[in-house]
Amino acid sequence: MAGMTRVFHKALALSLLLLAVLSSCTPGGERLFKKSRLSMDTIVTITVASSSETAAEAAIEKAFTETERLAALLSYFSENSEVTAINRSAGVRPVVVSRETFDLVEKALYVSEKTGGAFDITVGPLMDIWNFHDGVLPPDSAVQAKRMLAGYRDIKLDSVRKSVFLMRKGMKIDLGGIAKGYIADKVVEVLKKTGIKAGVAAMAGDIKTFGKKPDGKPWKIGVKNPRPLAKDADADILAAVSFYDSAISTAGDYERYFIKDGIRYHHILDPKTGYPAGGCRSVSVIAADGVIADGFDNGIFVLGPLKGMSLLKSLGIDGIIVDSAGAVTFTDGLKGKIEIREK
Amino acid sequence: MPRGSEVRIEVSGALRYTFPLSLDRTVAVDGPLGSTLIEIRDGKVRVKESPCHNRICMHQGWIRSGAVVCLPNRVIVTVSGPGGKGEFDGISG
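Residues numbered from 1 in each chain as written. Chains lettered and ligands numbered in written order. Predicted model: local features only at pLDDT ≥ 70, side-chain atom pairs only at ≥ 80, totals over all residues. Heavy atoms only, no water.

**Describing the environment of K220 of chain A**
Note that K220 of chain A resides in strand 9 (residues 219–224). Residue class for K220 of chain A comes out partly exposed when judged on its relative accessible area of 21%. Along the backbone, K220 of chain A and V283 of chain A are 63 residues apart, and their C-alpha atoms lie at a distance of 18 Å. Setting aside residues up to four positions removed in sequence, K220 of chain A forms contacts with A240, V241, S242, E339 and R341 of chain A together with E87, F88, D89 and G90 of chain B. (Helix = DSSP H or I, 4+ residues; strand = E, 2+ residues; numbered from the N terminus. Buried < 20%, exposed > 50% of the residue type's maximum accessible area, 1.4 Å probe, protein only. Contact = heavy atoms within 4.5 Å.)

Written out as structure tokens, the structure reads:
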């Protein structure tokens with residue numbers, strides 16, 4: 001769910017799902033506690049290791065509060081978000097924003113530079129005209145017109161005033177392709193401040209882990225198979241990856257798409273063409289920071305398997321690429337940590 | 001299926017039903033958009049019918065673990081067992 005999913009419709013925070021005690025009998029008396037909530041139009045799941053249920057619940061509650069706080073700032077759809085304020089002032093004036101919003105836009109620009117614009121948060125106007133629910137192809141004239149409004153180089157940051165300025169009228173930034181990874185990072189910071197030594201912050205598929213599990217083992221994350229053999233969650237795993245302090249995000253062409261005349265139109269748009277990028281089925285990036293994993297999974301998807309793999313290597317971060325024919329490749333750094341389930 | 005796996009059905013944050021995954025049945029719950037039909041059969045569960053626009057919940061098909069979520073109708077169906085939901089600490093993708 002890492003793609004340019006428009007996850008920020010409205011901060012929902014609907015419900016407390018489950019509090020599960022997942023393991024027991026460890027030397028320090030620590031167990032895993034896990035809770036899920038609907039937030040940002042997706043499932044947010046927080047897992048913490050603790051010897052106290054009360055402490056675990058309090059930490060998890062703080063994590064959900066932080067999720068909601070950041071989602072409110074970064075939402076594309078909310079009338080009151082800072083992103084909406086920036087977009088409304090495009091071509092008019094710079095907007096002073098919070099440290100977090102500024103920080104995230106700055107990081108997004110870093111990913112844009114490194115990917116040569118394959119990742120670009122100024123695809124907002126393009127995303128607006130693609131309707132993946134109804135499967136209606138936008139007219140090419142509209143795609144070309146909106147494509148001209150993209151261009152990360154026309155975002156001006158003032159690091160002293162902490163302001164963001166979109167230089168041309170009609171420009172819009174959409175942080176949906178990077179925000180969940182960033183929020184996962186921030187949630188982990190909050191958990192650590194409460195004294196939690198190990199846990200997982202999962203904004204749907206954008207996941208950040210820290211510390212070791214109570215049994216000393218690494219966290220084990222399943223990567224979805226982009227073309228599951230059966231409509232069954234158990235048979236839906238392409239690979240299992242195990243690590244301690246890392247984040248993982250996956251961008252896939254199966255998250256939001258429609259098929260028309262035999263062509264799959266999905267939500268990961270190439271900012272240069274305005275159309276869905278064709279080279280991959282899915283890209284997972286594993287990095288120390290969630291914001292890096294989440295930003296680069298989209299950019300590498302757009303670059304395609306060859307350029308994408310060489311970028312991963314030059315950046316020194318790990319990744320798994322499933323190309324458009326289904327071939328799976330991964331970086332050397334994952335050897336010994338990855339188990340491929342299906343090819 | 002893991003022994004004791006159960007299906008939890010929540011609407012708008014409130015727990016409506018808890019059923020064993022081993023017991024075949026179909027149940028309807030009312031959300032803000034209307035009635036969502038949930039079917040449990042042969043150790044699997046799915047959203048059979050939904051009043052929502054996008055039908056993502058229905059397209060997800062049968063699950064044996066994890067969750068099916070219908071955001072528009074505020075319905076969450078989760079499968080959990082006493083030992084947790086399996087070998088993974090998270091699913092990316």
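**Concerning helix 6 (residues 179–193) of chain A**
Note on helix geometry: an α-helix contains 3.6 residues per turn, so any two residues three or four positions apart are oriented the same way. All names here are of chain A. The end-to-end C-alpha distance of helix 6 is 21 Å, a good match for the 21 Å that 15 residues give at a rise of 1.5 Å each. A large share of helix 6 lies buried, amounting to twelve of its 15 residues. Of all the positions in helix 6, only A179, K180, G181, Y182, I183, A184, D185, K186, V187, V188, V190 and L191 are classed as buried. Looking at the packing, one finds that the buried side of helix 6 touches strand 3 (42–50), helix 1 (53–74), helix 3 (99–114), strand 7 (199–203), strand 8 (206–210) and helix 7 (290–303). G195 occupies a position one or two residues after helix 6 and carries a positive phi of about 100 degrees. (Expected span 1.5 Å × (residues − 1).)

**Digging into the sheet that holds strand 4 (residues 34–41) of chain B**
Residues and elements named next belong to chain B. Ordered by their spatial adjacency, three strands build an open sheet running 3-4-5, and the pairing between neighbours is antiparallel. In the strand order of this sheet, the two ends are held by strand 3 (25–31) and strand 5 (44–49), each with one partner. Taking each pair of neighbouring strands and ignoring which way they run, the sheet shows an average axis angle of 25 degrees. Note that strand 4 and strand 5 share five bridges and pair antiparallel. Counterpart to E39 in the pairing with strand 5 is R46. (Pairing = 2+ DSSP bridges. Axes fitted to C-alpha atoms, helices over the stretch in contact; angles between N-to-C directions.)

**Quick word on the nonpolar core**
Within soluble globular proteins, side chains that are nonpolar tend to cluster in buried spots. Residues and elements named next belong to chain A. Core analysis: the biggest nonpolar cluster contains 68 residues, and I46, L74, I155, L175, L191 and M203 have the highest contact counts within it. Top element by residues in this core is helix 1. It accounts for nine residues. Non-local contacts of M203, meaning those with residues more than four positions away in its chain, are made with M40, I43, V44, I46, T67, K180, I183, A184 and V187. (Core = buried A, V, L, I, M, F, W, Y, C linked by side-chain atoms within 4.5 Å.)

**Structural notes on the packing of helix 1 of chain A against helix 3 of chain A**
Residue and element names in this part refer to chain A. At their nearest, the axes of helix 1 and helix 3 sit 10 Å apart, and the two run at 65 degrees to each other. By the criterion of interaxial angle, the relationship of helix 1 to helix 3 is roughly perpendicular. In this structure, the crossing between helix 1 and helix 3 has a hand that is right-handed. Residues R69, L70, L73 and L74 of helix 1 form the contact with helix 3, whose participating residues are E100, T101 and L104. (Parallel < 35°, antiparallel > 145°, perpendicular 65-115°, else oblique. Left-handed = near helix turned anticlockwise from the far one by under 90°.)

**Points about the pairing of strand 7 (residues 75–80) of chain B**
Residue and element names in this part refer to chain B. Burial runs high along strand 7: six of the six residues are buried. Going residue by residue along strand 7, you find V75, V77 and V79 tucked away on one face and I76, T78 and S80 tucked away on the opposite face as well. The pairing of strand 1 (residues 6–11) with strand 7 spans six bridges and is antiparallel. Bridge pairing in strand 7 links I9 to V77. Note that strand 6 (residues 66–70) and strand 7 share five bridges and pair antiparallel. Note that in strand 7 the partner of V69 across the bridge is I76. The antiparallel hairpin formed by strand 6 and strand 7 contains four residues in its connecting segment, where R74 sits at a positive phi of about 60 degrees.

These values are about where atoms sit, not about what they do.
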